[in-house]
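# Structural overview
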Amino acid sequence: MQQILKHNIYYLFLLVSLMTGLTSCSEYQKALKSDEVKQKYEVAMQLYEEGLAENKKSKHKKALRLIEQVLPQYRGKPQGEHISFVHANSYYILGAYFDSAYQFERFTKSYPNSQKYEEAFYKSALSYYNESPRYSLDQTETLKAMNKFQEYISKFPDGEHIGDANEKYAALREKLEKKAYEIAKSYHHREDYKAAMEAFDNFIENNPGSKFRDEAYFYKLDAAYILAINSYAQLVEERLITAQTYYEDYLKYFPQGDFVEQANAIAKEIKERLNNNSENNLG
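Right, let's walk through the structure included here. For every chain, the first residue of its written sequence is number 1, and the numbers climb from 1 along that sequence. Thresholds applied to this predicted model are a pLDDT of at least 70 for local features of residues and 80 or more for the giving and counting of side-chain atom pairs; totals over whole chains, interfaces and linings are not thresholded and use all residues. The side-chain figures draw on all heavy atoms in the structure; neither hydrogens nor water molecules are used.

## Focus: unusual backbone geometry
To keep things clear, this is the line we draw: Only DSSP runs of H or I covering at least 4 residues are called helices, and only runs of E covering at least 2 are called strands; the numbering of each starts at the N terminus. Accessibility here uses a 1.4 Å probe with only protein chains present; expressed as a share of the type maximum, an area under 20% marks a residue as buried, one over 50% as exposed, and anything in between as partly exposed.
The backbone of Asn-55 shows a phi angle near 55 degrees, a positive value even though the residue is not glycine. As for its placement among the helices and strands, Asn-55 is situated in the loop between helix H2 (37-54) and helix H3 (57-74). Assessed through its relative accessible area of 69%, Asn-55 is described here as exposed. Notably, Glu-191 is not glycine yet its phi reads approximately 65 degrees, a positive angle. Mapped onto the elements of the fold, Glu-191 is located in the loop between helix H8 (162-189) and helix H9 (193-206). Overall, Glu-191 belongs to the exposed group, its relative accessible area being 58%.

Below, the structure is given as structure tokens:
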């Protein structure tokens with residue numbers, strides 16, 4: 001008997017859920033076809049809140065469609081602030097980050113005294129962050145996100161999201177560092193050692209705290225050494241001495257670095273070649 005009762009309750013629940021869904025769908029269709037601005041607004045807000053509660057993007061899509069039909073009519077009105085935030089946040093929830101970035105920025109400019117100001121400002125930064133591509137591609141959106149996070153950090157030093165903002169800013173900076181480092185390293189791999197040395201120099205100067213500095217110092221040394229031993233005879237000694245100074249730089253900054261053994265091996269070869277050159281010159 002209890003089992004039958006449980007089944008009946010379960011099917012009743014399904015029926016109620018189905019009827020609710022059909023009613024909601026019917027309300028949406030009516031609002032979509034209606035000329036009543038208020039009706040569209042109310043149904044849009046209902047769908048938006050249901051979407052948040054139920055974590056259903058399908059409801060946010062419907063809400064967004066209605067919002068875009070009535071948003072212009074609410075600008076400057078009491079509901080304008082709320083519907084503008086919902087508009088931007090719906091794009092964000094749906095993963096349309098280019099649109100959400102633009103709409104959140106528009107919201108912060110239009111409603112600087114809003115209680116949602118900080119959240120909107122932060123989500124505009126998050127929108128750019130979510131559009132930031134892998135390091136090997138164009139980094140325009142990465143730079144936009146970094147600028148936006150930096151603004152957030154300056155405006156809200158005690159803000160709700162300050163820890164996350166600093167972490168994400170650091171992650172984006174590291175992505176730019178990796179791109180610059182890989183560009184320099186690509187010159188080395190293509191055996192364009194002069195360009196590699198210059199690129200590594202620029203990288204070291206522009207990225208004083210980078211985790212790639214150990215490698216950059218080593219590959220600058222390696223590029224200088226290879227360039228020296230493949231040079232015309234009259235240039236070899238001068239370039240070996242340059243490579244030797246790069247070895248000294250590496251050892252100064254990374255005495256326990258990941259490439260110490262390789263660097264020491266290069267330094268030994270440099271010393272031997274310089275000694276041989278001196279002996280030949282004396283002879």
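## Notes on the nonpolar core
The cut-off we apply is this: By nonpolar core is meant a set of buried Ala, Val, Leu, Ile, Met, Phe, Trp, Tyr and Cys residues that side-chain atoms within 4.5 Å join together. Two residues form a contact once any of their heavy atoms are found within 4.5 Å.
Counting 40 residues, the largest nonpolar core has Met-45, Leu-66, Ile-67, Ile-83, Phe-149 and Tyr-152 as its most contacted members. Put simply, the parts of the chain that give this core at least two residues each are helix H1 (2-33), H2, H3, helix H4 (80-93), helix H5 (97-110), helix H6 (117-131), helix H7 (140-155) and H8. It is H6 that provides the largest number of residues to this core, a total of 7 residues. Those residues in contact with Ile-83 that lie beyond four places of it in its chain are Tyr-41, Met-45, Ile-67, Val-70, Leu-71 and Tyr-74. Counting residues in each nonpolar core, the second largest holds 35 residues, with Ala-184, Ala-199, Ala-228 and Phe-254 among its members.

## Looking at the side chain of Lys-148
Turning to its location among the elements, Lys-148 is positioned in helix H7. Those residues in contact with Lys-148, other than ones at most four positions away along the chain, are Glu-105, Phe-121, Ser-124 and Ala-125.

## A word on the environment of Lys-168
Within the element layout of this structure, Lys-168 appears in helix H8. On a C-alpha basis, the gap between Lys-168 and Phe-149 in space is 8.0 Å, while along the polypeptide they are 19 residues apart. Once residues within four sequence positions are removed from consideration, Lys-168 is found in contact with Tyr-122, Leu-126, Tyr-129 and Phe-149.

## Overview of the pattern of salt bridges
Our working rule: Salt bridge, as used here, is a side-chain nitrogen of Lys or Arg placed within 4 Å of a carboxyl oxygen of Asp or Glu.
Applying the stated criterion across every chain yields a total of 12 salt bridges. Across the pair Glu-119 and Lys-116 runs a salt bridge, and its minimum N-O distance is 3.3 Å. Owing to a relative accessible area of 24%, Glu-119 belongs among the partly exposed residues under this scheme.

## Describing the side chain of Arg-213
Rules: Charge counting treats Lys and Arg as positive and Asp and Glu as negative, with His and both chain ends excluded.
Note that Arg-213 resides in helix H10 (residues 213-229). Buried Arg-213, no salt bridge; nearest opposite-charge side chain is Glu-177, N-O distance 8.9 Å. Look past the residues within four positions of Arg-213 in its chain and what remains in contact with it is Phe-203, Ile-204, Asn-207, Pro-208 and Phe-254.

## Quick word on the environment of Leu-227
Relative to the helices and strands, Leu-227 is located in helix H10. Of the residues examined, Leu-227 reaches a relative accessible area of 17% and is grouped as buried. Distance in space between the C-alpha atoms of Leu-227 and Tyr-193 is 6.1 Å, their sequence separation being 34 residues. Sequence-distant contacts of Leu-227, defined by excluding residues within four places in its chain, comprise Tyr-193, Lys-194, Met-197 and Arg-239.

## Side note on the packing of aromatic side chains
The condition is simple: Stacked, tilted and edge-to-face pairs are distinguished by plane angle, under 30 degrees for stacked and over 60 for edge-to-face with tilted covering the rest, among Phe, Tyr and Trp rings (Trp via its six-membered ring) whose centres lie within 6.5 Å. Counting as a charge over the ring demands two things of the Lys NZ or Arg CZ atom: a distance within 6 Å of the ring centre and an angle within 35 degrees of the ring normal.
Applying the stated criterion to the full structure yields 24 aromatic pairs. Between Tyr-217 and Tyr-253, the ring centres sit 5.2 Å apart and the planes meet at 35 degrees, which makes this aromatic pair tilted. Placement of Tyr-217 in helix H10 and of Tyr-253 in helix H11 (residues 233-253) is noted, with a sequence separation of 36 residues between them. Of the residues examined, Tyr-217 reaches a relative accessible area of 6% and is grouped as buried. Directly above the ring of Tyr-129 sits Lys-168, whose terminal nitrogen or CZ lies 5.3 Å from the centroid. Stacked on the ring of Tyr-246, the Lys or Arg Lys-220 has its end atom at 4.2 Å from the ring centre.

## Details of H11
Side chains that are three or four residues apart share a direction in an α-helix, a result of its 3.6 residues per turn. Here is the rule: What a helix is expected to span follows from its residue count: subtract one and scale by 1.5 Å. Throughout, the arc means that of the directions going from the helix axis to the C-beta atoms.
Between its terminal C-alpha atoms H11 stretches 31 Å, which fits the 30 Å expected from 21 residues at 1.5 Å a residue. Looking at H11, one finds that the buried residues are Val-236, Leu-240, Ala-243, Tyr-246, Tyr-247 and Tyr-250. The arc that holds every buried residue of H11, seen down its axis, measures 120 degrees, which confines them to one face. Turned more than 90 degrees from where H11 packs its buried face, Gln-234, Glu-238 and Lys-252 sit exposed.

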